Amino acid sequence: MAKFMVKASYNAEGARGLLKDGGTARREAVDKSIKALGGSIEAFYFAFGDADAYVIVDVPDVTSGIALSLAVNSTTAVHVSTIPLITPAEMDAACKKTVSYRAPGA
């Protein structure tokens, strides 16, 4: 399973929909979409500030995460940033890889 943090920001249309339906209904709608992809929600929180909601999801693969992002952003009622989350073990494996890289101008 691939794990993502989805950072959501509502525009005026999305905020009106949230006011009309409420937070629990919005979580249920998101849960239905994630389950249809074969995934699950680990955490769902509304917030204020830069983003209006943070959702941590598990989906079967990276393409499912991309599909989710495309579907949500295509509505224009909400903008999401879909951020892949990396486990400590995955980071350990990445740290052990050798990468040949030259900085610009070096």
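First things first, this report covers the structure right here in the doc. (Residues numbered from 1 in each chain as written. Predicted model: local features only at pLDDT ≥ 70, side-chain atom pairs only at ≥ 80, totals over all residues. Heavy atoms only, no water.)

Summed over all chains, the structure comprises three salt bridges. The residue Glu42 makes a salt bridge to Lys3 at a minimum N-O spacing of 2.3 Å. One end of the pair, Glu42, is in strand β2 (residues 40-46); the other, Lys3, is in strand β1 (residues 2-10), with 39 residues separating them in the sequence. By relative accessible area, Glu42 is classed as partly exposed at 48%. Assessed through its relative accessible area of 27%, Lys3 is described here as partly exposed. (Salt bridge = Lys/Arg side-chain N within 4 Å of Asp/Glu carboxyl O. Helix = DSSP H or I, 4+ residues; strand = E, 2+ residues; numbered from the N terminus. Buried < 20%, exposed > 50% of the residue type's maximum accessible area, 1.4 Å probe, protein only.)

An order of β2-β3-β1-β4 is seen for the four strands of this open sheet, with the pairing classed as antiparallel. With one partner strand each, in any of the chains shown, β2 and β4 (78-84) form the two edges of the open sheet. Across the sheet, the mean angle from the axis of one strand to that of its neighbour is 20°, orientation sign disregarded. As paired elements, β2 and strand β3 (residues 53-59) share six bridges and run antiparallel to each other. Its bridge partner lying in β3, Ala43 is registered against Ile56. Of the strands in this sheet, β1, β2 and β3 are in contact with helix α2 (residues 23-36), which crosses β2 at around 155°. (Pairing = 2+ DSSP bridges. Axes fitted to C-alpha atoms, helices over the stretch in contact; angles between N-to-C directions. Contact = heavy atoms within 4.5 Å.)

Before going further, it helps to examine unusual backbone geometry. Of note, the phi angle at Thr76 is positive, near 65°, even though the residue is not glycine. In this structure Thr76 comes out as exposed when scored by relative accessible area, which is 52%.

Following the sequence through the fold, Val57 ends up in strand β3. A residue is classified by how much of its surface remains accessible, and Val57, at 1% relative accessible area, is buried. Each C-alpha atom of the pair Val57 and Leu19 lies 24 Å from the other, and the pair is 38 residues apart in sequence. Residue contacts for Val57: discarding those within four places in its chain leaves Ala2, Lys3, Phe4, Val6, Ile34, Ser40, Ile41 and Glu42.

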